[in-house]
Amino acid sequence: MVNISFTLQDFEYFFLILVRMSAFIAVAPYFSMSQVPAKVKAGIALSVSMLLWFMVPQGTIVYETVIDYAIIVLKEAVVGLLIGFAANICNYIILFAGRIIDMDMGFAMVDVFDPVTKEQVSISGTLYNYLVLLCLLCSGMHTYVLRALIDSYQLIPLNEAVFNINGIYQGMLEFLSDYVIIGFRIYLPIFMALMVLNVVLGVLAKVAPQMNMFVVGIQLKILTGLAVMFVTVYLLPSISNFIFSETKKMLVTFIENMY
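These numbers were taken from a predicted model, which means no experiment stands behind them. (Residues numbered from 1 in each chain as written. Predicted model: local features only at pLDDT ≥ 70, side-chain atom pairs only at ≥ 80, totals over all residues. Heavy atoms only, no water.)

## Some points on the overall build of the protein
Okay, so step 1: The number of helices and strands found in the protein is 9 helices and 2 strands.
Okay, so step 2: Along the protein, helices (α) and strands (β) appear in the sequence α-α-α-α-β-β-α-α-α-α-α when read from the amino end.
Okay, so step 3: Taken across its 259 residues, the protein has 42% of its residues classed as buried.
Okay, so step 4: Taking as baseline every contact in the protein between residues at least 6 positions apart, the subset at least 24 positions apart corresponds to 83%.
Okay, so step 5: As displayed, the protein has an accessible area near 14200 Å², and 71% of this comes from carbon and sulfur atoms. (Helix = DSSP H or I, 4+ residues; strand = E, 2+ residues; numbered from the N terminus. Buried < 20%, exposed > 50% of the residue type's maximum accessible area, 1.4 Å probe, protein only. Contact = heavy atoms within 4.5 Å. Areas by Shrake-Rupley, 256 points an atom, 1.4 Å probe, with all protein chains shown as cover.)

## Details of helix 6 (residues 141–155)
Okay, so step 1: The terminal C-alpha atoms of helix 6 lie 20 Å apart, and with 15 residues this matches the ideal 21 Å at 1.5 Å per residue to within 8%.
Okay, so step 2: Within helix 6, the full set of buried residues consists of Met141, Val145, Leu146, Ala148, Leu149, Ser152 and Tyr153. An end-on view of helix 6 places all buried positions within 150° of arc, on one side of the element. (Expected span 1.5 Å × (residues − 1). Arc of directions from axis to C-beta.)

## Quick look at the packing of helix 4 (residues 92–105) against helix 5 (residues 123–139)
Okay, so step 1: Between helix 4 and helix 5, the shortest axis-to-axis distance is 7 Å and the interhelical angle comes to 145°. In this structure, helix 4 meets helix 5 at a crossing whose hand is right-handed. Listed contacts from helix 5 to Ile94, Leu95, Gly98, Ile101 and Asp102 of helix 4 are Ile123, Ser124, Gly125, Thr126, Tyr128, Asn129 and Val132.
Okay, so step 2: When the residues that make up the contact of helix 4 with helix 5 are grouped by side-chain class, the tally is 6 nonpolar, 5 polar and 1 charged. (Axes fitted to C-alpha atoms, helices over the stretch in contact; angles between N-to-C directions. Left-handed = near helix turned anticlockwise from the far one by under 90°. Nonpolar A, V, L, I, M, F, W, Y, C, P; charged D, E, K, R; others polar.)

## Remarks on helix 4
Okay, so step 1: With 14 residues, helix 4 ought to run about 20 Å at 1.5 Å a step, and its terminal C-alpha atoms sit 20 Å apart, in line with that.
Okay, so step 2: Buried residues dominate helix 4, accounting for 11 of its 14 residues.
Okay, so step 3: Buried within helix 4 are the following residues: Ile93, Ile94, Leu95, Phe96, Ala97, Gly98, Ile100, Ile101, Asp102, Asp104 and Met105.
Okay, so step 4: Downstream of helix 4 by a residue or two, Gly106 has a phi angle that is positive, lying close to 105°.

## A closer look at unusual backbone geometry
Okay, so step 1: In this structure, Tyr30 takes a positive phi of about 70° despite not being glycine.
Okay, so step 2: Position of Tyr30 relative to the elements: it lies in the loop between helix 1 (8–27) and helix 2 (38–55).

## Side note on the nonpolar core
Okay, so step 1: Among the nonpolar cores identified, the biggest contains 71 residues, and Met21, Phe24, Ile83, Tyr153, Ile190 and Ile243 are the most heavily contacted of them.
Okay, so step 2: With 10 residues, helix 1 is the largest single contributor of residues to this core.
Okay, so step 3: Contacts of Ile190, omitting those with residues within four sequence positions, involve Ile101, Met105, Tyr128, Gly225, Val228 and Met229. (Core = buried A, V, L, I, M, F, W, Y, C linked by side-chain atoms within 4.5 Å.)

## A look at the packing of aromatic side chains
Okay, so step 1: Considering all chains together, one arrives at 8 aromatic pairs under this definition.
Okay, so step 2: Geometrically, the ring pair formed by Phe96 and Tyr179 is tilted, given 4.9 Å between the ring centres and 35° between the ring planes. Of this pair, Phe96 sits in helix 4 while Tyr179 sits in helix 7 (residues 165–207), and the two are 83 residues apart along the sequence.
Okay, so step 3: With a centroid separation of 5.8 Å and 55° between ring planes, the pair formed by Phe175 and Tyr179 is classed as tilted. Residue Phe175 and its partner Tyr179 are located together in helix 7, separated by 4 residues, close to a single helical turn.
Okay, so step 4: Ring-pair connections join several aromatic residues into one group, and the members of that group are Phe96, Phe175, Tyr179, Phe184, Tyr187 and Phe191.
Okay, so step 5: Directly above the ring of Tyr153 sits Arg20, whose terminal nitrogen or CZ lies 4.5 Å from the centroid. (Phe/Tyr/Trp six-rings, centres within 6.5 Å; stacked < 30°, edge-to-face > 60°. Lys NZ or Arg CZ within 6 Å of the ring centre and 35° of its normal.)

## A look at the confidence of the model for the protein
Okay, so step 1: Mean pLDDT over the protein stands at 81; residues scoring 70 or higher make up 90%.
Okay, so step 2: Of all the helices and strands in the protein, strand 1 (residues 111–114) carries the lowest mean pLDDT, 66, while helix 3 (residues 66–88) carries the highest, 87. (pLDDT = per-residue confidence, 0-100.)

## Quick word on the environment of Val252
Okay, so step 1: On the secondary structure map, Val252 appears in helix 9 (residues 236–256).
Okay, so step 2: Separated by 81 residues in the primary sequence, Val252 and Gly171 have C-alpha atoms spaced 9.8 Å apart.

## Focus: the environment of Val233
Okay, so step 1: One can find Val233 in the loop between helix 8 (213–231) and helix 9.
Okay, so step 2: In this structure, the C-alpha to C-alpha distance between Val233 and Leu131, residues 102 residues apart in sequence, is 9.5 Å.

## A short note on the packing of helix 4 against helix 7
Okay, so step 1: In contact at an axis separation of 9 Å, helix 4 and helix 7 are set at 35° when each is read in the N-to-C sense. Crossing handedness for the pair helix 4 and helix 7: right-handed. Contacts from Tyr92, Ile93, Ile94, Phe96, Ala97, Ile100, Ile101, Asp104 and Met105 of helix 4 reach helix 7 at Phe175, Tyr179, Val180, Ile182, Gly183, Phe184, Ile186, Tyr187, Ile190, Phe191 and Leu194.
Okay, so step 2: Of the residues that constitute the contact of helix 4 with helix 7, the class distribution is 18 nonpolar, 1 polar and 1 charged.

Below, the structure written as structure tokens:
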């Protein structure tokens with residue numbers, strides 16, 4: 001005979017687990033995409049929280065007033081948001097690379113609305129972003145970030161999060177440097193091809209000044225850029241590895257600065 005009791009204290013503990021999980025689902029990659037129905041997000045948060053309620057060692061939540069408990073709830077929501085933000089922020093590297101690619105190719109004024117980020121993004125950035133997300137999905141990144149949150153309940157027990165603002169700030173500064181470096185690595189093949197093309201067009205402009213190099217150059221830049229993107233498509237797994245490694249680094253940095 002199974003005898004399971006669920007007291008008010010158990011509900012308070014379960015609710016804190018659910019708050020951290022729900023905040024994570026709201027901003028984490030894949031889970032927070034607008035294409036995922038809200039009922040599916042709620043179901044994932046609730047089902048995983050129920051499993052964690054049986055797995056996580058239950059402690060005692062000490063508070064005196066409702067305001068104290070509300071502060072604890074807010075703290076758990078911040079923990080979930082920071083972990084989800086650390087996993088999601090690395091995807092913006094692809095959008096940055098796509099933006100500078102389109103600026104060089106001549107697509108800078110052609111923006112589209114991305115339903116994932118809910119922002120106006122470049123065509124190349126959207127293409128690269130979905131391809132890299134597909135590669136990361138095949139590599140199991142969605143399970144990795146979910147396991148990272150589940151492990152955070154062991155490293156950061158409920159109501160024991162201590163936010164090291166300086167550590168998070170230093171981690172963000174390091175990320176910004178990696179953000180630019182990785183973005184330009186993605187952009188480098190197209191940059192080299194277009195630089196050679198610009199040199200050739202400059203020479204032709206001197207040799208044959210009667211030719212309208214401005215009109216010819218725009219078309220050649222677009223054609224060359226698309227050709228290089230097609231030829232270098234095999235580099236997408238390497239780009240995905242860069243993004244995956246940076247995601248791991250950011251998750252470790254944020255979690256280490258919360259306990």
